[in-house]
Amino acid sequence: MRMATCEAKLVRVSAPVSGVELYRVVREDLPRNQYIMVCEEALEIHTKPWLCGERLHELAKGVAVRFLRVLHRELPLEGVPLDRVCELTILAGGLYYMLDEAFKEVYGRSLQRCIISAKRYQLEDGTWRVNMNYGNFEALPDRAVVLIGDTIATGTTITSSLRRLRDAAAERGYSVERVAILTISGAVDGSRRLRELEEELREEWEGFELYVFNCCAVFGLEPNGTDMPYGHPETIAPPDVVALVNERLGAWLARRLCSIFDWGDRTKNPVKHLRELIELTERLEAEAPDEKSVAALREIRRRALEELKVRTSPLSLK
């Protein structure tokens, strides 16, 4: 059963970054520094599900560039020595958040990188667990400022990864000063778990701060533990974002389409994603209650079919 919570308060934050609207989300069960970062690249990812592969990589890099520019003032990263900043890459989805490529564009330097392999699975009782079969923390510095990019649904993977980071720091006698997380789609459930872990880590590391940046919304999570639609009753989003998504998709479809789909498939197995997307649009069109929904579904299917044709055609040089 979900806990009853007070309504979230959205506080507009001045962000001296072109193309970004920034909001602080104030609610007692969410991280102290919970933000919503609105940018067009994320909205394209959310409302154009046929985008995949290299185009999705480009958009993700664009989101990451804006994230880093916001962090420069908001965290702040400004003035932090380069050798105290590292990325924790959670395989495999975290690879496609393009933080290192974005860091090179913003700062002209590469990121130190710690790596962890984490894959969640579900027990028969519906509980989610994580298999963690590899970790490399050789690049972890003392008093680290850790950057993470990952899609967050239940929060099982991200919190397990942060606990492994805590253990790795403890083994070296190190501390972590700040963690900043970028999630192109992140759920309320995951942020709740992060708030619980935040309290643990504040006891472990004096002065520790956690920052969580969700793109465009903090999404309600469907019972399957995966889908995060804009139209979910628990979704927290600025009204203008909701209006824009409803204009692009229609309210009925915004309630039924996941904002991110399967990030792993979409980034590294686009043909599988496109075939599943085409099947989904066919099923939903049979249920669609209005012409706007039908038109949006047909456009998604048309674009997906075009992209699938390209991806199943013989290779040719550029």
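Before reading further, recall that the structure is shown in the block above.
For every chain, the first residue of the written sequence is number 1, and numbering continues from 1 along that sequence. Given that the model is predicted, a residue must reach a pLDDT of at least 70 before its local features are reported, and side-chain atom pairs must reach 80 or more before they are shown or counted; all residues, however, enter totals for whole chains, interfaces and linings. Computation of side-chain values: all heavy atoms of the structure, hydrogens and water removed.

Points about the overall build of the protein
So, step 1. Counting secondary structure elements, the protein contains ten helices and nine strands.
So, step 2. Radius of gyration means the value over C-alpha atoms here, while the globule rule gives 2.2 Å times the residue count to the 0.38 power. Scaling as 2.2 N^0.38, a compact globule of 318 residues should have a C-alpha radius of gyration of about 20 Å, and the protein matches this with 19 Å.
So, step 3. Within the span of the protein, comprising 318 residues, buried residues form 54% of the whole.
So, step 4. Here, two residues are considered to be in contact whenever any of their heavy atoms come within 4.5 Å of each other. For the protein, the proportion of contacts with a sequence separation of at least 24, taken over those separated by at least 6, is 72%.
So, step 5. For the accessible areas, the method is Shrake-Rupley and the probe is 1.4 Å, while residue cover comes only from the protein chains on display. For the protein, the computed accessible surface area is about 14800 Å², with 47% contributed by carbon and sulfur atoms. Labels follow the DSSP assignment, with helices taken as runs of H or I lasting at least four residues and strands as runs of E lasting at least two, numbered in each case from the N terminus. Only protein chains enter the area calculation, which uses a 1.4 Å probe; residues under 20% of their type maximum are buried, those over 50% are exposed, and those in between are partly exposed.

So, helix H2 (residues 53-74)
Residues lying three or four places apart along an α-helix face the same way, a consequence of the helix completing one turn every 3.6 residues.
So, step 1. Helix length check: H2 (22 residues) gives 31 Å between terminal C-alpha atoms against 32 Å at 1.5 Å per residue, within 8%.
So, step 2. Taken together, the buried positions of H2 are Gly53, Leu56, Leu59, Ala60, Gly62, Val63, Ala64, Val65, Phe67, Leu68, Val70 and Leu71. To estimate how far a helix should extend, the number of its residues minus one is multiplied by 1.5 Å.

With respect to helix H4 (residues 156-172)
So, step 1. In this model, H4 (17 residues) spans 25 Å end to end at C-alpha, consistent with the 24 Å of a helix rising 1.5 Å per residue.
So, step 2. For H4, the full list of buried residues reads Thr156, Thr157, Ile158, Thr159, Ser160, Ser161, Leu162, Leu165, Arg166, Ala168 and Ala169.

Here we look at the environment of Trp205
So, step 1. Turning to its location among the elements, Trp205 is positioned in the loop between helix H5 (188-204) and strand E9 (209-215).
So, step 2. Among the residues examined, Trp205 registers a relative accessible area of 5% and is labelled buried.
So, step 3. With 29 residues separating them along the chain, Trp205 and Val176 place their C-alpha atoms 6.8 Å apart.
So, step 4. With near-sequence residues (within four places) excluded, Trp205 lies in contact with Arg166, Ala169, Tyr174, Ser175 and Val176.

A short note on the packing of H4 against H5
So, step 1. The geometry of H4 relative to H5 is characterised by a closest axis approach of 10 Å and an angle of 10° between their N-to-C directions. It follows from the interaxial angle that H4 and H5 lie roughly parallel. The residues of H5 that touch H4, namely those facing Thr156, Ile158, Thr159, Leu162, Arg163 and Arg166, are Arg193, Leu194, Leu197, Glu200, Leu201 and Glu204.
So, step 2. Under the grouping applied here, Gly and all other residues not named as nonpolar or charged are polar, the nonpolar ones being Ala, Val, Leu, Ile, Met, Phe, Trp, Tyr, Cys and Pro and the charged ones Asp, Glu, Lys and Arg. Of the residues in the contact of H4 with H5, the class split is five nonpolar, two polar and five charged. As a rule, the C-alpha atoms of each element are fitted with a line to give its axis, helices using only the stretch in contact, and angles between N-to-C directions run from 0 to 180 degrees. Put simply, angles under 35 degrees are roughly parallel, angles over 145 are roughly antiparallel, angles from 65 to 115 are roughly perpendicular, and the rest are oblique.

Here we look at the packing of H2 against helix H3 (residues 99-107)
So, step 1. Packing of H2 against H3 leaves a shortest axis separation of 8 Å and a crossing angle of 55°. One element, H2, and the other, H3, form an angle in the oblique class. Of the two elements, H2 crosses H3, and the hand of that crossing is right-handed. The segment H2 lies against H3, with Lys61, Ala64, Val65, Phe67, Leu68, Arg69 and His72 engaging Leu99, Glu101, Ala102, Phe103, Glu105, Val106 and Tyr107. Each crossing gets its handedness from the near helix: less than a right angle anticlockwise from the far helix is left-handed, clockwise is right-handed.

Describing unusual backbone geometry
So, step 1. For the bond running from Leu75 to Pro76, omega is -10°, close enough to zero to count as cis.
So, step 2. Assignment of secondary structure puts Pro76 in the loop between H2 and strand E4 (85-91).
So, step 3. Residues other than glycine seldom take positive phi values, yet Met98 does so here, at roughly 60°.
So, step 4. Along the chain, Met98 falls in the loop between E4 and H3.
So, step 5. Taking relative accessible area as the criterion, Met98 reaches 19% and is therefore assigned buried.
So, step 6. Not every positive phi belongs to a glycine, and Phe261 is a case in point at roughly 60°.

Concerning the pairing of strand E2 (residues 21-26)
So, step 1. When strand E1 (residues 9-13) meets E2, the two strands line up antiparallel, connected through five bridges. Considered in E2, the bridge of Leu10 is made with Val25.
So, step 2. Strands qualify as paired when DSSP identifies two bridges or more between them. Judged from the four bridges that link them, E2 and strand E3 (residues 33-38) form a sheet pairing that is antiparallel. The residue bridging Glu21 from the neighbouring strand is Val38, located in E3.
So, step 3. Two successive antiparallel strands, E2 and E3, enclose a turn made up of six residues.

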